[in-house]
Amino acid sequence: MEKAGSGTVEYINKMFPTEASLSGVEPLMKKIHNEIRVVDAEILGAVRQQSTSGTKAKEDLAAATSAVKELMFKVREIKTKAEQSETMVQEICRDIKKLDFAKKHITTTITALHRLTMLVSAIEQLQVMASKRQYKEAAAQVEAVNQLCSHFDAYRDIPKITELRDKFKNIKQILKSHVFSDFSSLGTGKDAEESNLLQQLSDACLVVDALEPSVREELVKNFCNWELISYKQIFEGAELAKLDKTERRYAWIKRRLRTNEEIWKTFPASWHVDYLICIQFCKLTRTQLIEIFQNLKEKPDVGTLLLALQRTIEFEEELAEKFGSSSTKSVMSDIEEVDKGENSTQIVMDIRKKYERKLAAHQGNQDDDKDANKDLAVPGAGFNFRGIISSCFEPHLMVYVELEERTLMEHLEKLVQDETWHMDDGSQTNILSSSMQVFLIIRRSLKRCCALTRNQTLLNLFKVFKRVLRAYATKLFMKLPKGGLGIVAAATGMDGHIKTSDKDERLICYIVNTAEYCHKTAGELAENVSKIIDAQLADSVDMSEVQDEFSSVITKALVTLVHGVETKFEVEMAAMTRVPWGMLESVGDQSGYVNSINMILSGCVPVLGSLLSPVYFQFFLDKLASSLGPRFYLNIFKCKQISETGAQQMLLDTQAVKTILLDIPSLGRQAIGAAGYSKFVSREMSKAEALLKVILSPIDSVADTYGALLPEGTPSEFQRILELKGLKKADQQTILDDFNKRGSGISESPMGTQAVQVAHAVATPVPPPMAGPPSAAGIASREDVLTRAAALGRGAATTGFKRFLALTEAAKDRKDGPFRKLFNP
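Quick caveat, the model's predicted, so the values are computed rather than measured.

With that out of the way, let us pick up the overall build of the protein. The helix and strand inventory of the protein stands at 31 helices and zero strands. A total of 825 residues make up the protein; the buried ones form 41% of that total. Looking at the protein as shown, the accessible area adds up to about 45,100 Å², and 55% of this sits on carbon and sulfur atoms.

All right, on to the pattern of salt bridges then. Enumeration according to the criterion identifies 17 salt bridges in this entry. Here Lys-81 ties to Glu-77 by a salt bridge, and the two come within 3.8 Å at their closest N and O atoms. Linking Lys-81 with Glu-77, this pair stays in helix H2 (residues 25–132), spanning four residues, or about one helical turn. Among the residues examined, Glu-77 registers a relative accessible area of 38% and is labelled partly exposed. In this structure, Lys-568 engages Asp-502 in a salt bridge whose closest nitrogen and oxygen atoms are separated by 3.8 Å. Of the two residues, Lys-568 sits in helix H18 (residues 544–568) while Asp-502 sits in helix H17 (residues 502–532), which places them 66 residues apart along the sequence.

Packing of helix H15 (residues 456–478) against H18 leaves a shortest axis separation of 9 Å and a crossing angle of 5 degrees. In this view, H15 runs roughly parallel relative to H18, as classed from their interaxial angle. Mapping the contact onto sequence places Lys-466, Leu-469, Arg-470, Tyr-472, Ala-473, Leu-476 and Phe-477 in H15 and Glu-545, Val-546, Glu-549, Phe-550, Val-553 and Lys-556 in H18. Taken together, the residues of the contact of H15 with H18 sort by class into eight nonpolar, no polar and five charged.

Further remarks concern the nonpolar core. Generally speaking, soluble globular proteins have nonpolar side chains that are buried together. Within the largest apolar cluster, 191 residues are counted, with the highest numbers of intra-cluster contacts made by Leu-601 and Ile-636. Among all residues touching Ile-636, those that are not within four sequence positions of it are Met-576, Ile-642, Met-650, Ala-688, Leu-691, Leu-692, Ile-695 and Leu-724.

A few words on the environment of Leu-507. Note on placement: Leu-507 falls in helix H17. Between the C-alpha atoms of Leu-507 and Ala-557, which are 50 residues apart in sequence, the distance is 9.6 Å. Setting aside residues no more than four positions away along its own chain, Leu-507 makes contact with Trp-421 and Lys-479.

To continue, consider the packing of aromatic side chains. Considering all chains together, one arrives at 17 aromatic pairs under this definition. Seen from their ring centres, Tyr-250 and Phe-281 are 6.4 Å apart, and the 75 degrees between their planes marks the pair as edge-to-face. Of the two residues, Tyr-250 sits in helix H7 (residues 246–259) while Phe-281 sits in helix H9 (residues 273–295), which places them 31 residues apart along the sequence. With a relative accessible area of 3%, Tyr-250 lands in the buried category. Pairing Tyr-706 with Phe-718 gives two aromatic rings, centres 5.2 Å apart and planes at 45 degrees, and the pair type is tilted. Of this pair, Tyr-706 sits in helix H25 (residues 702–709) while Phe-718 sits in helix H26 (residues 715–724); the two residues are twelve residues apart in sequence, bridging distant segments of the chain. An identical accessibility class is assigned to Tyr-706 and Phe-718; each is buried.

The next point concerns the environment of Val-605. Locating Val-605 in the fold gives a position in helix H20 (residues 592–611). The class for Val-605 is buried, based on a relative accessible area of 0%. Considered as a pair, Val-605 and Ser-666 are 61 residues apart in the sequence and their alpha carbons are 9.7 Å apart.

Here His-272, not a glycine, exhibits a phi torsion of approximately 55 degrees, which is positive. Its location among the elements puts His-272 in the loop between helix H8 (261–266) and H9.

This part covers the side chain of Thr-312. Relative to the elements of secondary structure, Thr-312 occurs in helix H10 (residues 302–323). Residue Thr-312 is classed as buried on the basis of its relative accessible area, which comes to 0%. In contact with Thr-312, other than residues within four places in its own chain, are Thr-246, Tyr-250, Ile-389, Ser-390 and Phe-393.

Right, let's get into the packing of H9 against H10. Between H9 and H10, whose axes approach to 12 Å, the crossing angle comes to 165 degrees. In terms of orientation, H9 and H10 fall into the roughly antiparallel class. Between H9 and H10 lies a crossing whose hand is left-handed. Contacts between H9 and H10 involve Asp-274, Tyr-275, Cys-278, Phe-281, Cys-282 and Phe-293 from the former and Leu-305, Phe-315, Leu-319, Lys-322 and Phe-323 from the latter. For the contact of H9 with H10, the per-class residue count stands at nine nonpolar, no polar and two charged.

Take H25 next. Residues of H25 that are buried: Val-702, Ala-703, Thr-705 and Tyr-706. Seen from one end, H25 has its buried residues packed into an arc of 165 degrees, which puts them on one side.

A cluster of nonpolar side chains, Tyr-11, Ile-12 and Met-15, forms an exposed patch at the surface whose accessible area comes to about 300 Å². Within the secondary structure layout, Tyr-11 lies in helix H1 (residues 2–15).

With respect to the helices and strands, Asp-542 occurs in the loop between H17 and H18. For the pair Asp-542 and Ala-522, spaced 20 residues apart in sequence, the C-alpha to C-alpha distance is 9.7 Å. Residues within four places of Asp-542 in sequence aside, it is in contact with Phe-462 and Lys-466. One polar contact links Asp-542 to Ser-544, side chain to side chain, over a distance of 3.0 Å.

Counting all residues, the mean pLDDT for the protein is 75, and 77% of those residues have values of 70 or more. Across the protein, H15 holds the top mean pLDDT of 92, while helix H28 (residues 750–763) sits lowest at 34. Throughout residues 325–381 the model reports pLDDT below 50, and contacts reaching past four residues in sequence, or to other chains, amount to 70 contacts.

Thresholds applied
Residues numbered from 1 in each chain as written. Predicted model: local features only at pLDDT ≥ 70, side-chain atom pairs only at ≥ 80, totals over all residues. Heavy atoms only, no water. Helix = DSSP H or I, 4+ residues; strand = E, 2+ residues; numbered from the N terminus. Buried < 20%, exposed > 50% of the residue type's maximum accessible area, 1.4 Å probe, protein only. Areas by Shrake-Rupley, 256 points an atom, 1.4 Å probe, with all protein chains shown as cover. Salt bridge = Lys/Arg side-chain N within 4 Å of Asp/Glu carboxyl O. Axes fitted to C-alpha atoms, helices over the stretch in contact; angles between N-to-C directions. Parallel < 35°, antiparallel > 145°, perpendicular 65-115°, else oblique. Contact = heavy atoms within 4.5 Å. Nonpolar A, V, L, I, M, F, W, Y, C, P; charged D, E, K, R; others polar. Core = buried A, V, L, I, M, F, W, Y, C linked by side-chain atoms within 4.5 Å. Phe/Tyr/Trp six-rings, centres within 6.5 Å; stacked < 30°, edge-to-face > 60°. Left-handed = near helix turned anticlockwise from the far one by under 90°. Arc of directions from axis to C-beta. Patch = residues over 30% accessible without salt bridge, like charges linked within 9 Å, V, L, I, M, F, W, Y side chains within 5 Å. Polar contact = N/O pair within 3.5 Å; in protein donor to acceptor, adjacent residues only side chain to side chain. pLDDT = per-residue confidence, 0-100.

Below you can see the structure in the form of structure tokens.
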């Protein structure tokens, strides 16, 4: 409302903007009144017109309703007349429909009678043809009769039709008898008669195709049996029913197939008669070979067995190529020719060479037969010739596996005997040549077996490979230098001392590298065999136990290497104790025994660093440092008396030994893990430095210094320090009493006893297993830890020894736990 009012006001202001314009109000009002009157007049006219239109609309509606009623009346009238017309038409056409049905029945009857006449005539003609053996005409006639008979399927109950069907059935039986009789006489007449008979049989095949499919199946089956009767009689006799006559079986069927080429042309190509004969031959041959194996009173000769198996596999491959739907490479194509210069057991090799010569001899004939028989291939036949006969050899191949095992073991013995156990300086692998030769003969044996079978026999041979590799691992272990043996050596603490020369150290490195190579290659061998062997046996292929054997060899070899270097330090450690430390007057350069230690390490470490891989060299360094550090510490206690000057000189020597040990990684040209190794060496040698600082401390503060620098020490050790300082028993007792009163907590505990035992274990290195029974609890426990550590990585992707190194590296900085004992004995 406000908007409308405001609009009006604006309109008025627009019309009369000034007072002067108000004079035009009257004319405007008149004009507006006139317009209002005009609009009222128009509205009144519109109302009047609307009233008039409503009346007219009612009149129009009434007229339309009347018209609809009239139309409905007419529609009813038309419908009544249509019904009357329909009744009239039905009456007119009733007679015409009867005539139409009568015509249809008469036509059907005439057609049936005509076909019946033709059927009777065709059956009579077929009967004449059958009696005269007119097979070609009879084949077409049988097809015609079959088509005519199909028209009378709805009239089977009519006697005449039943009679004709029975007559046709008898005629077909007569044809079948004639055909079977003619085929049975094949091969008994003269050449001229044989040619006519082949033509007659070719026509007879048309009749067989016209008859039921069961007739063809029965005929082909009987023909195959006829063909194989002579084979069965020949090879069931006592003379040829032998394993060494197997090759003659396949020669017989090949010759039979070649000589009967004309006969094969008699049969339609879709029958595949030669294919079915070969299937029957394979099944019969398999049955007879099984009987031969069952009748053997002893194990078959391995040469005869392998030759028969190879001939069988060759025959199966020929059949597979001849009748197969796709070309598959022969298993024999995977076999590489064995080196002619290799000395080996000649039984299997001679058989193989003989087989290859004969295979090459008839290769040309085989190629000629391919083109001739190309059209006889059976696409998608679905029968697998490979293994149909050869699989029956599988249960009897243990003699072959035993032969392979004897052969491999003989090779192994010869390789170990011929091994020089040293390497040329220019060698890139740093492994023993015998290891590569061992895997070479194993691979050749594997290829020979794959050419024969990939079933249980291959798994049995794989177990032989495991035994061979274990035997080789034992050979490697036996070549490691041994320490003292027997009760005397154990009683004197010399059972773990191993004297090694430079040549021995190089040999140990070769054995470590060789064992690592064997560990890796054994895993690859197992992986390859699992891919080749039948899928259901793949899970049984496992080389982890053999790999653990080689991991154990690596561990024992490295421990032996450490023991050998430790033994070289014996003289220098003894020389250290003979130095008159209590009588030295001044401190000079490093002592002679330190120079000797430096010379020993300078002589062996570069060689070891060049031969060992970084991971094994690092393990050697860690073990050496964990042994030499505590050993140097305990060796101080073996000195008689140490003066202040002597302690200063010994402290200088300790720093020199520490420097020598820290320089070992660079000396071996391997910096991997050097930071951790340096930290480890510094911590181990710091104990000796702390001991010497205690000895250098004044008498009145020695107890405090000892408790601060060596908090894990024992009263007995503290007493030994007082003896090294040259104190008399009376003076020692006073200091000891004062030391005990301090309540330092240091007492004779199992820890102290354990330290003494561990010290003895360090002084007496652990002998490798099989070298003799351990004599001390400390030695046994240490060896047990090493043995368990070697097996930690069993089944892992890396070697068990590498897993052990990873664990021990993480345990270096710990002060407790079983692995700590390896680094802090």
